[in-house]
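So the chains spell out like this:
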Amino acid sequence: MSATNNPEPRNGVLSGLRVLDFGRYIAGPYVATLLAEFGADVVRIEKRIGSEDRYTAPVSPDGSGALFMQINRNKRSITLDPMHEQAKPVMKKLIESADIVVVNLPVRTLKRMGLDYETLSAINPRIILTTSSGFGTQGPWADRVGFDGVGQVMAGGVYMTGEQDQPYRAQVPFVDFGTALHCALGTLIAVMAREQTGRGQMVSGSLLATAVTLN
């Protein structure tokens, strides 16, 4: 296991919670970043060649990008392919030891990777799965991939801020960050509920729901 940003053991109100971060870009990883800020032990899990968000806008000698370095502070890091046969026992050990799994992928992809709530809770009934996607976990668009700009357009925000014949997308990805904030709050509520019930649950957020809410 290698270190990202060399985190030292930290004390905080969330000390003792272990988080597995399978997120990419903003909406997933920023949830885990917020939890790490308050003491949770967060392990970021990437593909063996590094996730897509690692090399966007490179600023360091190894090619890591500015957003990646900012949003993965205070995390540890490993590489692992959850769908590889040899990774299955490693995945099982990680899930058994975890309190929270964070991921931002469509429903069908979660099932293929073994990160759906049914699979996780069968291994660890106390696990909390925090997932965000473009359009939620139900309905005809549940398996579609979504991005911040898609949420802004579909919720109408670009038309409220643009000119009559030229909508403007906000360059600041507020839909991604807003979804992460909602999911972080839901995760903490799920942790509190687990203290009462002894069981975990699934927390779900979507970019479109966030965009509509903020509008």
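Structure first, text after, so check above.
## Observations regarding the layout of surface pockets
Thought 1: Of the voids in this model, the largest pocket is the one considered here, and its volume is about 630 Å³.
Thought 2: If you trace the largest pocket, you find 30 residues lining it, with R24, Y25, N104, G146 and F147 closest to the centre.
Thought 3: Of all the secondary-structure elements, those providing two or more residues to the lining of the largest pocket are α2 (66-71), α4 (107-113), β6 (128-133) and α6 (148-155).
Thought 4: Its residues assigned to classes, the lining of the largest pocket shows 12 nonpolar, 9 polar and 9 charged.
Thought 5: What lines the second largest pocket is a set of 16 residues, and nearest its centre among them are R24, K47, P82, L105 and M113.
Thought 6: At the level of secondary structure, the elements contributing two or more residues to the lining of the second largest pocket comprise β3 (41-46) and α4.
Thought 7: The element best represented in the lining of the second largest pocket is α4, accounting for 3 residues.
Thought 8: For the lining of the second largest pocket, the residue count by class is 7 nonpolar, 2 polar and 7 charged.

## Describing the packing of aromatic side chains
Thought 1: As enumerated under the stated definition, the model contains 2 aromatic pairs in all.
Thought 2: Ring centres 5.0 Å apart and planes at 80 degrees place the aromatic pair Y30 and F177 in the edge-to-face group. Here Y30, found in helix α1 (residues 29-37), pairs with F177, found in helix α8 (residues 174-197); they are 147 residues apart in sequence, far enough to count as distant.
Thought 3: Y30 sits in the buried class, given a relative accessible area of 17%.
Thought 4: Between F135 and W141, the ring centres sit 5.0 Å apart and the planes meet at 80 degrees, which makes this aromatic pair edge-to-face.

## Concerning the side chain of Q152
Thought 1: Position of Q152 relative to the elements: it lies in helix α6.
Thought 2: Ignoring anything within four residues of it in the chain, the contact list for Q152 reads G157, V158, R169, A170, V172, F174, V175 and A211.

## So, the nonpolar core
Thought 1: Residues V19, A40 and I100 are the most contacted members of the largest nonpolar core, which totals 22 residues.
Thought 2: The leading source of residues in this core is α1, at 6 residues.
Thought 3: In contact with A40, other than residues within four places in its own chain, are L14, S15, L17, V19 and L35.
Thought 4: With 21 residues, the next largest nonpolar core counts L20, A87, L105 and L115 among its residues.

## Concerning the packing of α6 against helix α9 (residues 207-214)
Thought 1: Contact pair α6 / α9: the axes reach a minimum separation of 8 Å and the direction vectors enclose 50 degrees. Of the possible angle classes, the one that applies to α6 and α9 is oblique. Pair α6 / α9 crosses with right-handed handedness. Residue-level contacts link D148, G151, Q152, M154 and A155 of α6 to L207, L208, A211 and V212 of α9.
Thought 2: A per-class count over the contact of α6 with α9 returns 6 nonpolar, 2 polar and 1 charged.

## Observations regarding helix α3 (residues 88-97)
Thought 1: Burial in α3 covers these residues: M91, L94 and I95. Seen along its axis, α3 keeps its buried residues to an arc of 95 degrees; they face one direction.
Thought 2: Elements in contact with the buried residues of α3: β2 (18-21), β3, β4 (75-79), α4 and α5 (117-123).

## What about α1?
Thought 1: Judged by how many residues are buried, α1 sits mostly within the fold: 8 of 9 residues are covered.
Thought 2: Within α1 the residues assigned to the buried category are P29, Y30, V31, A32, T33, L34, L35 and A36.
Thought 3: Positioned one or two residues after α1, G39 has a phi angle of 105 degrees, which is positive.

About the criteria used
- Every chain is numbered on its own, with residues counted from 1 as its sequence reads.
- Whole-chain, interface and lining totals are the exception, using all residues; otherwise, since this is a predicted model, local features are given only for residues with pLDDT of at least 70 and side-chain atom pairs are given and counted only at 80 or more.
- Think of the side-chain values as coming from all heavy atoms in the structure, minus any hydrogens and water.
- Residues are said to line a cavity or pocket when one of their atoms sits within 4 Å of a point; the points come from a 1 Å grid over protein atoms alone, cavities being sets where a 1.4 Å probe fits but cannot get out and pockets being open sets with protein on both sides within 12 Å along at least five of seven lines.
- Grid points are joined across faces, edges and corners, and a volume is the space filled by probe spheres set on the points.
- Think of it this way: any DSSP run of H or I at least four residues long counts as a helix, any run of E at least two long counts as a strand, and we number them from the N terminus.
- Here the nonpolar group is Ala, Val, Leu, Ile, Met, Phe, Trp, Tyr, Cys and Pro; Asp, Glu, Lys and Arg are the charged ones; every other residue, Gly included, is treated as polar.
- Centre distance within 6.5 Å is the pairing criterion for rings of Phe, Tyr and Trp, where only the six-membered ring of Trp is used; planes under 30 degrees apart are then read as stacked, over 60 as edge-to-face, and the remainder as tilted.
- Buried residues are those whose accessible area, probed at 1.4 Å on protein chains only, stays under 20% of the maximum for their type, while exposed residues exceed 50% and partly exposed ones sit between those limits.
- Throughout, a residue-residue contact means that at least one pair of heavy atoms, one from each residue, lies within 4.5 Å.
- Throughout, nonpolar core names a set of buried Ala, Val, Leu, Ile, Met, Phe, Trp, Tyr and Cys residues whose side chains join them through atoms within 4.5 Å.
- The angle between two axes is taken between their N-to-C directions and runs from 0 to 180 degrees, where each axis is a line fitted to C-alpha atoms and a helix contributes only its stretch in contact.
- Put simply, angles under 35 degrees are roughly parallel, angles over 145 are roughly antiparallel, angles from 65 to 115 are roughly perpendicular, and the rest are oblique.
- Throughout, a crossing is termed right-handed when the near helix is turned clockwise from the far one, and left-handed when it is turned anticlockwise from it by less than a right angle.
- Directions pointing from the helix axis toward each C-beta atom define the arc.

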